[in-house]
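# Inside the fold
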Amino acid sequence: MYETTGNKVEKSKGKGSKRRVSSQPLLPQQVSLKQQQDAGYDMYPFHALGSGKIFSGYDSLAVWIATQKMVVIDGYVGIFWKEVKQCLHEQLDARGLQVQWTDASALMKPAETIQQMVAPFLGSPDSVWGTRATLHLEDFFKEAFFNTRPAADADINIAFGTGAALLNWGAPVVYLDLPKNEIQYRMRAGSITNLGARGTGRSSDMYKRFYFVDWVVLNEHKRNMAGEITIVADAQWNNSLNWMMADDLRRGLNEISSNVFRVRPWFEAGAWGGQWMKEHIRDLNKDEVNYAWSFEMIVPENGIVFESDGNLLEVSFDFLMYQEHNKVLGKHAETFQYEFPIRFDFLDTWEGGNLSIQCHPSLDYIREHFGETITQDETYYILDCKNDAQVYLGFQEGIDPATFRQELENSKANNEVVEVEKFVQVHKANKHELFLIPNGTVHSAGINNLVLEISATPYIFTFKMYDWLRLDLNGEPRAINIEHAFNNLNFERQGQRVTDELISKPSVIQKGEDWQLVHCPTHAAHFYDVHRIEFATRVDVPTNDTCHVLMLVEGSSVTVQTANGTKATFSYAETFVVPAAAKQYTLINNGKGAAKVVKAFCK
């Protein structure tokens, strides 16, 4: 469902060089807690930690570092390490301290060696996908790196750079994190490189390397060292950062793991993107051409934001899973380990275009070819739509696969229109309808929909067969993957069977005085299920030791109260999570009409 695009360039202060390419603003470094928030979708949700927990600026971090004899500063790919060193050095030098700096990147293996090492995981040059790497971060460094020792005559020894904690100096570790969206904005600007790479490349190639290699080895490194981190910092801002003691972060993660939380969403334009999100989400940049996707809850891409004294600090979602996956996932923790299994995102075709005609890989296929553990089984929940909205789903009765493929191949080779409806069924889309898309199912969302895509977590494995002959936002053809698609298409999903099996048939399974629980059954292949909770005033919901991913799909706002008394309020179209460890929660309707909340959970 996801691809990289290019938009606005932001320049660094005073340098005139590109830092990031995006029309989207940075997360605010500070917020005014006195400012009354208007009702509506909040792009910057945060979780308050209380006073004195988050500090701002390199100067305050340098005050702490100045009390140490040795410090290791590690962090994620995409950090501007020269800037980090310069800002800290100026502060420490002003205090008259002699610092010995050890740059981890200087002892990485040559870029050519690293490229040969990662090449087997990157697939063919023309492929969108690679295979999840089996490498470790240690593999990127020369043997001499691990024998590097601190200098005896310095006031402070600081080892810095991605992988610096591998030195095992026994020193306090400062870990710099960076949101995945900012990594990609910097990638598009050419201001960062892949791990150990000499230079930049095409955005699509860099993203493939990030996804299949860099993020894999760095996430493993982060998980292995998570318990040893002394300070966590957020490095997404220019010449500044916010930081906190890791123990305070751990307490914050522990608290939300038994209550309710939101991740920070982010948004992308696309070739088929629409206008619904631009019209309904107040803080989105209205100058963007469109918005195709929202990353509501795609945990490999999202972060969690904490607040103290108005200072904000974002950490990647995996910090929560590494520490609290048992509380978050409950009885499914052993199955999914540190992978959060369910994602929510928006597909916006409102006054936009049709998605490509596509399908997703089978479980065996995604494991064999791409190294994933679960596959991309999806559903489309129609959050909003116009009267002419449609969904393409399943094959026409009696389809001839060979003829279908011949027309697709001809279209790809000769830029010829395909009469899609000769082969693929078209269904009228209605608000609150749920379309089921188990792997191997041909499908597409038509124009004038706002789709809430409820899915298994994998999100980049879309095999496009036909894309209406259009170009992407950069004026280039979008990748067509007919071979992959035909290795996975299920041609038995045709005719009446599509209506019977792939359009959910809701039924009321529980009810009370002013509420009812509606089951929107998913396909047998889906490992998750969907409920819709409809209520006038309030309703109690048990977690049954499973994690619930929820969204208010009708109504103005709801308040969620967990068993320990914690309360949080969420507006229409906001995604929120109640972990399994919450045990029970109450939904309170703040609007005048009935509220409807969609709930997805593992079966």
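Scroll up for the structure.
Below is a summary of the structure that appears in this document. (Residues numbered from 1 in each chain as written. Predicted model: local features only at pLDDT ≥ 70, side-chain atom pairs only at ≥ 80, totals over all residues. Heavy atoms only, no water.)

### What to know about the pattern of salt bridges
- Applying the stated rule across the entire model yields 28 salt bridges.
- Aspartate 345 is paired through a salt bridge with arginine 343; the nearest N and O atoms lie 2.6 Å apart.
- What makes aspartate 345 buried here is its relative accessible area of 0%. (Salt bridge = Lys/Arg side-chain N within 4 Å of Asp/Glu carboxyl O. Buried < 20%, exposed > 50% of the residue type's maximum accessible area, 1.4 Å probe, protein only.)

### A short note on the packing of aromatic side chains
- Across all of its chains, the model carries 40 aromatic pairs by this definition.
- Centre to centre, the rings of tyrosine 175 and phenylalanine 319 are 6.1 Å apart; their planes meet at 80 degrees, and the pair counts as edge-to-face. One end of the pair, tyrosine 175, is in strand β8 (residues 173-177); the other, phenylalanine 319, is in helix α8 (residues 318-329), with 144 residues separating them in the sequence. Like tyrosine 175, the residue phenylalanine 319 is buried in the burial classification.
- Residues phenylalanine 395 and phenylalanine 404 carry aromatic rings whose centres are separated by 5.6 Å and whose planes lie at 75 degrees to one another, so their mutual orientation is edge-to-face.
- Each residue in the set Trp129, Tyr207, Phe210, Tyr211, Phe212, Trp215, Tyr365, Phe370, Tyr459, Phe461 and Phe463 is aromatic and connected to the rest through ring pairs, giving one cluster.
- A cation over an aromatic ring shows up here: lysine 180 above the ring of tryptophan 215, its NZ or CZ 4.8 Å from the ring centre.
- The side chain of arginine 262 reaches across the aromatic face of tyrosine 41, ending 5.1 Å from its centre. (Phe/Tyr/Trp six-rings, centres within 6.5 Å; stacked < 30°, edge-to-face > 60°. Helix = DSSP H or I, 4+ residues; strand = E, 2+ residues; numbered from the N terminus. Lys NZ or Arg CZ within 6 Å of the ring centre and 35° of its normal.)

### Focus: the environment of tryptophan 350
- Summarising the element assignment, tryptophan 350 is placed in the loop between β15 (342-348) and β16 (357-359).
- Linking tryptophan 350 and glutamate 534, residues 184 residues apart in sequence, is a C-alpha distance of 26 Å.
- When neighbours within four sequence positions are excluded, tryptophan 350 is seen to be in contact with Gly274, Gln275, Trp276, Glu279, Asp384, Cys385, Lys386, Asn448, Asn449 and Leu450. (Contact = heavy atoms within 4.5 Å.)

### Quick look at the environment of arginine 497
- Among the structural elements, arginine 497 can be located in helix α13 (residues 496-502).
- When neighbours within four sequence positions are excluded, arginine 497 is seen to be in contact with Glu492 and Leu502.

### Describing the sheet that holds β8
- Here we have seven strands laid out as an open sheet, ordered β4-β10-β9-β8-β5-β7-β6, and mixed in their pairing. Looking at strand neighbours, the two that pair on one side only are β4 (54-56) and β6 (99-103), the edges of this open sheet. The average undirected angle you get between the axes of adjacent strands in this sheet is 25 degrees.
- Packing against the sheet, helix α1 (residues 58-65) makes contact with β4, β5 (70-75), β7 (156-160), β8, β9 (229-234) and β10 (242-245), and its axis sits at approximately 35 degrees to β10. (Pairing = 2+ DSSP bridges. Axes fitted to C-alpha atoms, helices over the stretch in contact; angles between N-to-C directions.)

### Some thoughts on the sheet that holds strand β17 (residues 378-385)
- Strands sit in the order β11-β12-β15-β22-β17-β20 across an open sheet of six strands; the sheet is antiparallel. Because the sheet does not close on itself, it has two edges, and the strands there are β11 (266-268) and β20 (434-437). Sheet twist, expressed as the average angle between the axes of neighbouring strands with direction ignored, equals 25 degrees.
- Alignment of β15 against strand β22 (residues 449-456), held across seven bridges, turns out to be antiparallel. Each bridged residue has a counterpart across the sheet, and for phenylalanine 346 the counterpart in β22 is leucine 452.

### A short note on helix α2 (residues 81-94)
- Along its 14 residues, α2 runs 20 Å from first to last C-alpha, staying within 8% of the 20 Å computed at 1.5 Å per residue.
- Regarding α2, the residues found buried are Trp81, Glu83, Val84, Cys87, Leu88 and Leu92. For α2, the arc enclosing every buried residue in end-on projection is 165 degrees, short of the 170-degree limit, so these residues lie on one face. α2 presents Lys82 and Ala94 as exposed residues on the side facing more than 90 degrees away from its buried surface.
- Considering only its buried residues, α2 is in contact with β2 (18-21), α1, β5, β6, β7 and β8.
- Backbone geometry just after α2 places glycine 96 at a positive phi near 75 degrees. (Expected span 1.5 Å × (residues − 1). Arc of directions from axis to C-beta.)

### Considerations on the packing of helix α5 (residues 203-225) against α8
- The interhelical angle for the contact between α5 and α8, taken along N-to-C directions, is 45 degrees, at an axis separation of 10 Å. One finds that α5 runs oblique with respect to α8. Between α5 and α8 lies a crossing of right-handed hand. For the pair α5 and α8, the contacting residues are Asn219, Lys222 and Arg223 in the first and Asp318, Phe319 and Tyr322 in the second.
- The residue inventory of the contact of α5 with α8, partitioned by class, reads two nonpolar, one polar and three charged. (Parallel < 35°, antiparallel > 145°, perpendicular 65-115°, else oblique. Left-handed = near helix turned anticlockwise from the far one by under 90°. Nonpolar A, V, L, I, M, F, W, Y, C, P; charged D, E, K, R; others polar.)

### Observations regarding empty space enclosed by the protein
- Considering all chains together, one arrives at three cavities of 30 Å³ or more under this definition.
- Taken together, 14 residues line the largest cavity, and the ones lying closest to its centre are Leu178, Pro179, Lys180, Asn302 and Ser316.
- Counting residues per element, the lining of the largest cavity draws most heavily on strand β14 (residues 311-316), at three residues.
- A per-class count over the lining of the largest cavity returns five nonpolar, three polar and six charged.
- Looking at the second largest cavity, its volume works out to about 60 Å³.
- For the lining of the second largest cavity, the secondary-structure elements that each account for two or more residues are α4 (180-189) and β11. (1 Å grid on protein atoms, 1.4 Å probe; cavity = no way out; pocket = protein on both sides within 12 Å on 5 of 7 lines; lining within 4 Å. Points joined across faces, edges and corners; volume = space filled by probe spheres on them.)

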